[in-house]
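As a plain string of letters, each chain reads:
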Amino acid sequence: MTAPSSSSPLRPVIVGAGPAGVRAAEALVAHGIRPVVIDEASRAGGQIYRRPPSSLAARSANVLYGFEARRADAVHTAFDALRERIDYRPDSLVWNAQGGRLDVLHGPTRSTSSVPYSQLIVATGATDRVLPVPGWTLPGVYTLGGAQVALKFQGCAIGQRVVFMGTGPLLYLVAYQYAKAGAKVAAVLDTSRFADQLAATPAMLRQPAVFAKGVYYVAWLRAHGVALHGGVRPLRVLGDAAESRVAGVAWHDGREERTLACDAVGFGYALRSETQLADLLGCRFEFASLHRAHLPVRDAAGRSSVRGVYLAGDGAGIMGADAAEWAGERAALALLADGGVAVDTARAAMLERRLHKLGTFRQGLERAFPVPHDWAAHAPDELVVCRCENITAGTLRQTVAENGADEMNRLKALSRVGMGRCQGRMCGVAAAEILAHATGQPVQQVGRLRGQAPIKPIPIHLATPAPSTEGAGA
Amino acid sequence: MTGRKTLRTDVAVVGGGIVGASAALALRKMGIGVVLLERDLCGSRSSGVNYGGVRRQGRPVSQLPLAQRAHRIWGNLRETIGTDGEYLRSGHFKIARSEADMASLEQYRTKSRDFDLGLELISAARLRERCPWLGTRAVGGSLCAEDGQANPRLVSPAFALAAQRAGAQIFERHKVDEVAHDGKGFLLRSGNALEVRAPALLNCAGAWSGPIAEYFGEAVPLRSSHPVMAVTEPVPHFMDWSLGVEGGGIYCRQVARGNLVLGGGRGIALDADRARADRDAIATLAAQAVELLPTLRHAHFIRTWSGTEGNLPDHQPVLGPSRTTPGLFHGFGFSGAGFQIGPAAGEVLAELVRDGRSSTPIESFSIERFFAAAATAEDAAADKTPTPTSP
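Residues numbered from 1 in each chain as written. Chains lettered and ligands numbered in written order. Predicted model: local features only at pLDDT ≥ 70, side-chain atom pairs only at ≥ 80, totals over all residues. Heavy atoms only, no water.

Chemist: Just to check I follow, could you spell out the overall build of chain A for this structure?
Modeler: Scanning chain A from N- to C-terminus turns up 14 helices and 23 strands. Compactness check: chain A gives a C-alpha radius of gyration of 22 Å against a globular reference of 23 Å for 474 residues, within 12% of the reference. Dimensions of chain A, computed from the C-alpha atoms along their principal axes, are close to 70 × 55 × 40 Å. Counting contacts in chain A only where the partners sit at least 6 residues apart, residues at least 24 apart contribute 67% of the total. Surface exposure of chain A reaches about 18,800 Å², of which carbon and sulfur atoms provide 53%. Separation of charge centres in chain A, based on 51 positive and 40 negative side chains, amounts to 3 Å. (Helix = DSSP H or I, 4+ residues; strand = E, 2+ residues; numbered from the N terminus. Rg over C-alpha atoms; globule rule 2.2 N^0.38 Å. Contact = heavy atoms within 4.5 Å. Areas by Shrake-Rupley, 256 points an atom, 1.4 Å probe, with all protein chains shown as cover. Lys, Arg positive; Asp, Glu negative; His and termini not counted. Charge placed at Lys NZ, Arg CZ, Asp CG, Glu CD.)

Chemist: Just checking my understanding: could you explain the overall build of chain B for this structure?
Modeler: Summing up its helical and strand segments, chain B has 11 helices and 24 strands in all. Its C-alpha atoms give chain B a radius of gyration of 21 Å, near enough to 21 Å, the size a compact globule of 391 residues would have. Considered along the principal axes of its C-alpha atoms, chain B spans approximately 65 × 50 × 40 Å. Evaluated residue by residue, chain B yields a buried proportion of 60% over its 391 residues. For chain B, long-range pairs separated by at least 24 residues make up 73% of all intrachain contacts whose partners lie at least 6 apart in sequence. Total accessible area on chain B stands at roughly 15,500 Å², and carbon and sulfur atoms take up 51% of it. One way to put it: in chain B the 44 positive side-chain charges average out to a point 4 Å from where the 40 negative ones average out. (Buried < 20%, exposed > 50% of the residue type's maximum accessible area, 1.4 Å probe, protein only.)

Chemist: It is not clear to me how the interface of chain A and chain B should be interpreted in this structure. Could you clarify?
Modeler: How big an interface is tends to be expressed through the accessible area that disappears when the partners come together. With 34 residues of chain A at the interface, the matching set in chain B holds 33 residues. Between chain A and chain B lies a buried interface of about 2,900 Å² when both sides are counted; carbon and sulfur atoms form 50% of it. Area buried by chain A at its contact with chain B is led by Gln98, Arg410 and Ile460 of chain A, which between them contribute 25% of it. Viewed at the interface, chain B and chain A are joined by four salt bridges. Put simply, the parts of the chain that give the side of chain A that touches chain B at least two residues each are strand 4 (92-98), strand 5 (101-106), helix 12 (393-403), helix 13 (408-415) and strand 23 (458-459) of chain A. Residue composition of the side of chain A that touches chain B, grouped by class: 16 nonpolar, eight polar and 10 charged. Pairing of strand 23 of chain A with strand 21 (residues 300-305) of chain B involves two bridges; the strand directions are antiparallel. (Buried area = accessible area lost by both parts, 1.4 Å probe. Salt bridge = Lys/Arg side-chain N within 4 Å of Asp/Glu carboxyl O. Nonpolar A, V, L, I, M, F, W, Y, C, P; charged D, E, K, R; others polar. Pairing = 2+ DSSP bridges.)

Chemist: Got a minute to help me understand the sheet that holds strand 10 (residues 178-181) of chain B in this structure?
Modeler: The strands making up a sheet are joined through hydrogen bonds of the backbone, oriented either antiparallel or parallel. All names here are of chain B. Across the sheet, four strands lie side by side as 1-12-11-10; this open sheet has mixed pairing. Every other strand in the sheet has two partners, leaving strand 1 (5-8) and strand 10 as the edge strands with one partner each. Averaged over neighbouring strand pairs, the angle between their axes works out to 15° when direction is ignored. Relative to strand 12 (residues 194-198), strand 1 runs parallel, the two sharing four bridges. Bridge pairing in strand 12 places Leu7 opposite Val196. (Axes fitted to C-alpha atoms, helices over the stretch in contact; angles between N-to-C directions.)

Chemist: Which parts of the structure should I look at to understand the pattern of salt bridges?
Modeler: A side chain of one charge can pair with a side chain of the opposite charge when the charged atoms of the two come close. In total, this model carries 48 salt bridges over all chains according to the counting rule given. For the salt bridge of Arg23 of chain A with Glu26 of chain A, the shortest nitrogen-to-oxygen distance reads 2.9 Å. In this pair, Arg23 of chain A and Glu26 of chain A both sit in helix 1 (residues 19-30), three residues apart, roughly one turn of the helix. According to the relative accessible area criterion, Glu26 of chain A is partly exposed, its value standing at 30%. Measuring nitrogen to oxygen at the nearest pair gives 3.4 Å for the salt bridge that ties Glu146 of chain B to Arg89 of chain B. Residue Glu146 of chain B is found in the loop between strand 7 (140-144) and strand 8 (148-149), and its partner Arg89 of chain B is found in the loop between helix 4 (77-81) and strand 5 (92-96); the two are separated by 57 residues along the sequence. What makes Arg89 of chain B partly exposed here is its relative accessible area of 33%.

Chemist: How do you make sense of the pairing of strand 19 (residues 293-296) of chain A when you look at a structure like this?
Modeler: All names here are of chain A. Where strand 18 (residues 285-288) meets strand 19, four bridges bridge the pair, whose relative direction is antiparallel. Looking at strand 19, one finds that Phe285 is bridged to Pro296. The loop that links strand 18 with its antiparallel partner strand 19 comprises four residues; one of these, Arg292, has a positive phi angle of about 50°.

Chemist: Explain the nonpolar core to me, please; I cannot follow it from the model alone.
Modeler: Nonpolar side chains in soluble globular proteins tend to be buried together. Ranked by internal contacts, the top residues of the largest apolar core, which has 77 residues, are Ile121, Phe164, Tyr178, Val188 and Leu221 of chain A. Per-element tally for this core: the top contributor is helix 9 (residues 321-338) of chain A, with 11 residues. Those residues in contact with Tyr178 of chain A that lie beyond four places of it in its chain are Ala147, Ala150, Leu151, Cys156, Ala157, Ile158, Val162, Phe164, Ala183 and Val185 of chain A. In terms of nonpolar packing, the next biggest core, distinct from the first, is built from 54 residues, Ile32, Leu77, Ala163 and Cys204 of chain B among them. (Core = buried A, V, L, I, M, F, W, Y, C linked by side-chain atoms within 4.5 Å.)

Listed below in structure tokens is the structure:
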């Protein structure tokens, strides 16, 4: 490993190498700093600009990213240009943070290290927001993000005849990407209505290019004969005779129940932020109604409530890839300025304006693709909410009724929801909706699951952090 | 002042952990009125986040009468609180890692002979045969077949629910801001929400008991401590016993779901209310776990956590009447070993309220011991300042 650069008092660490992390690193390097960049993936790019493993036959950026090819290329190129000027640590999971150090597990070598930091930029990204439907545990059901990763990273489709279901901009994007790649898209089932999108158009026109892309995906799918249904209520994923894999989907279209045969389902309701690291770092959280989630608080520049900790990208609130780039750069400038380095304040102000402007667009998106707020009301008792622990909606409701659980951590303690390998990262959203509905509270009242190390499971024999070979950062 | 509710009752209880909730339940069974105030959620602190060992073996002999009484309550758990709380008399095995440890376990068996613990010493050869999954450092140990384990996150809140069903008025998220005695009875206030008046008061506030004792002129050296806990993903079932190690360091058990629950070492306080596992403690726990149970080597930790316990220097609780204030009874400072004896401590407190005395010997837990010691120390060394009280 490289020694900390010269006598600089700044030894920043960036966690995440998606659009936010890459642009943050770029800004630091431009000011003569050599940051450590820790990335869970094997190649930088994050999820949206995920790169296939270098061993896979090269596919063009156009094939992989479509309209996003230019931006994806730009982020990848920016990162490749930084490669020698940063301390890049791919395949590395940050599983704990304490006392100015991160505990990191390097996957391929199964080795651990303790990485000190003087400042930290948390750019941990997002995963799908999952509101399950009966049958979602059948083989052949994927999240939208998972379906996209299969395509981009592994170069394969999740099935031959695929239904995409849920809501959010990703719904049409992934359907388009699948159809473009030659998969049969049997239908797109959107829980939001055409009227929602119409009502949201003025706000979405704040980002005309992004809006136009969305319109294009819908038009393209329609032109290619893909059935698009709005205002649906997913009822269940149907299994084959042996219930060994997906055979179709059933939904309610407002008038009647309908079914369609398929061999795979991609579903999701936009994204949720990965906030565990910010939580372990002690950042203050607040409920953000726009995101319908408890999120770490940050100022316009990306400063968290903890000195020296900065938040950027979807990990602190879903704003999309473009915003992540701006927020990453802005956070790096804040870090530099706070460390006494002169920065371009006009540039910083411009980035803040862009981010602010995006707020209106984001409100439009939420209006166009609202999370189905009645999801919990319709979730049947037998629906498995937490698949690690096999906890059903009925069990959660019973726990509320019998034990008076009215808060997420209490619900977890009494029912085991969120106690499995994902620690609530996947099931937490749905469990909170069920709890809020069962107790008649707004979802912000039920709180959030407290983050606890490890952020993701780690083998016991690797839970021993190796004594750091690096100079202490603080 | 508007909207503050005033309640009059027989006994006010501060703290909804296993001790306070058990006391409330026992009092209700005697027909005595109870109002219980809990600053957070009942059983959400040390009572609900501890390891879940339900063990008599290894306790100081002075605690064994209480532990035996608790043992009977645990045996009727479902009848008492309406759930089995995953309680199992799975056996508690204390491992010896040296001949000296083995000798010490043997001594303990002799010392505790009057208490029917049924301890069985197991030699190295038999141990290998019986538990091939134990690492080589175990050279033998002592089994208490009737000891076991339970799920604290289910059991402790269930005691509070049972008390509530029995008629106790329980107020969660009601921190006690003010406590006083007006010459006739106790007066408790929780913000502007609630005022409670009662002739008797139980101080069962765990790590937060210090200020109440101090208010009544009984400052004791109570410190917060934070155990480190960890749990693995579920693995195929291989172990029934709850394991401890002579001399301490690590303890672990396997739950019905297959997860291993492990504990050992000290965590760190985040603030007055919250704590978390410490990095070095996790590392030590991991190393010891692999040494003790090599089969765990490739299992994953999925969660670590901590809590806040009230610790006293001699690791014995304060359980009994106040030395200054009639009607005040303390039950705190269980020093990380209160889960098993908690239900009995609750019954004892209820007896003290009703009868002024307990049918179980509790002399060793008198709060007097701190003042007697201080007096002696002051006599011996006049220049020595008394131990300060933690907040």
